[in-house]
Amino acid sequence: QVQLVESGGGVVQAGGSLRLSCAASGRTFNTNAMGWFRQALGKEREFVARISWSGGITSYADSVKGRFTISRDNAKNTGYLQMNSLKPEDTAVYYCVAGYRGGYSYTDRYAYDYWGQGTQVTVSS
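Being a predicted model, the structure only gives us computed values, none of them experimental. Every chain begins its residue count from 1, and numbering advances along the sequence as written. Local features are withheld for residues below a pLDDT of 70 in this predicted model, meaning they are given only at 70 or higher, and side-chain atom pairs are given and counted only at 80 or more; totals for whole chains, interfaces and linings count all residues. Only hydrogens and water are set aside when side-chain values are computed; all heavy atoms of the structure are taken into account.

(A) The overall build of the protein, seen in detail. Along its length, the protein carries zero helices and 11 strands. The reference for a compact globule is 2.2 Å times residues^0.38; the radius of gyration itself is calculated from the C-alpha atoms. Against the globule reference of 14 Å for 125 residues, the protein gives a C-alpha radius of gyration of 13 Å, in line with a compact fold. Once the C-alpha set of the protein is aligned to its principal axes, its extents read approximately 40 × 30 × 25 Å. We call a residue buried when its accessible area falls under 20% of the maximum for its residue type, exposed when it is over 50%, and partly exposed in between, using a 1.4 Å probe and counting protein chains only. Taking all 125 residues of the protein together, 43% fall into the buried category. Helix and strand definitions follow DSSP, with helices as H or I runs of at least four residues and strands as E runs of at least two, each counted in order from the N terminus.

(B) Focus on the side chain of Arg38. With respect to the helices and strands, Arg38 occurs in strand E4 (residues 34-39). On the accessibility criterion, Arg38 (5% relative accessible area) is buried. Definition of a polar contact: a pair of N or O atoms within 3.5 Å, with one able to donate and the other able to accept a hydrogen when the atoms are protein atoms, and with sequence-neighbouring residues admitted only if both atoms are side-chain atoms. Among the polar contacts listed, one links the side chain of Arg38 to the side chain of Ser63, at a separation of 3.4 Å. At 2.9 Å, the side chain of Arg38 and the side chain of Asp90 are in polar contact. Throughout, a residue-residue contact means that at least one pair of heavy atoms, one from each residue, lies within 4.5 Å. With near-sequence residues (within four places) excluded, Arg38 lies in contact with Glu44, Arg45, Glu46, Val48, Ser63, Val64, Phe68, Glu89, Asp90, Ala92, Val93 and Tyr94.

Geometric values such as these leave the question of function open.
Below you can see the structure in the form of structure tokens.
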């Protein structure tokens, strides 16, 4: 019902910045809360950030607090993840998620009905 298309991934030097975008199509009124997960090579997929429908509630993993900012523009059906002060350990495939179903913690990957294809972010040291 909802398709998520990501863009903005790439290669950046440590200390640099990158902005990821997530464009939603389809039944976008079902996207409610949305967020980002990431998975580094050989690691578990982990929660990065989430934002409520109105944007009034945001949450971040401790590892990215103060460096990453999640936002959304509902008029454009687009979510964003601004990443500053990037570190090599931020290197991962980043996934946009939407369609929080409830009954799960927002940090649980199973809480979301819709996933983007993933975009690679590589931070060089």
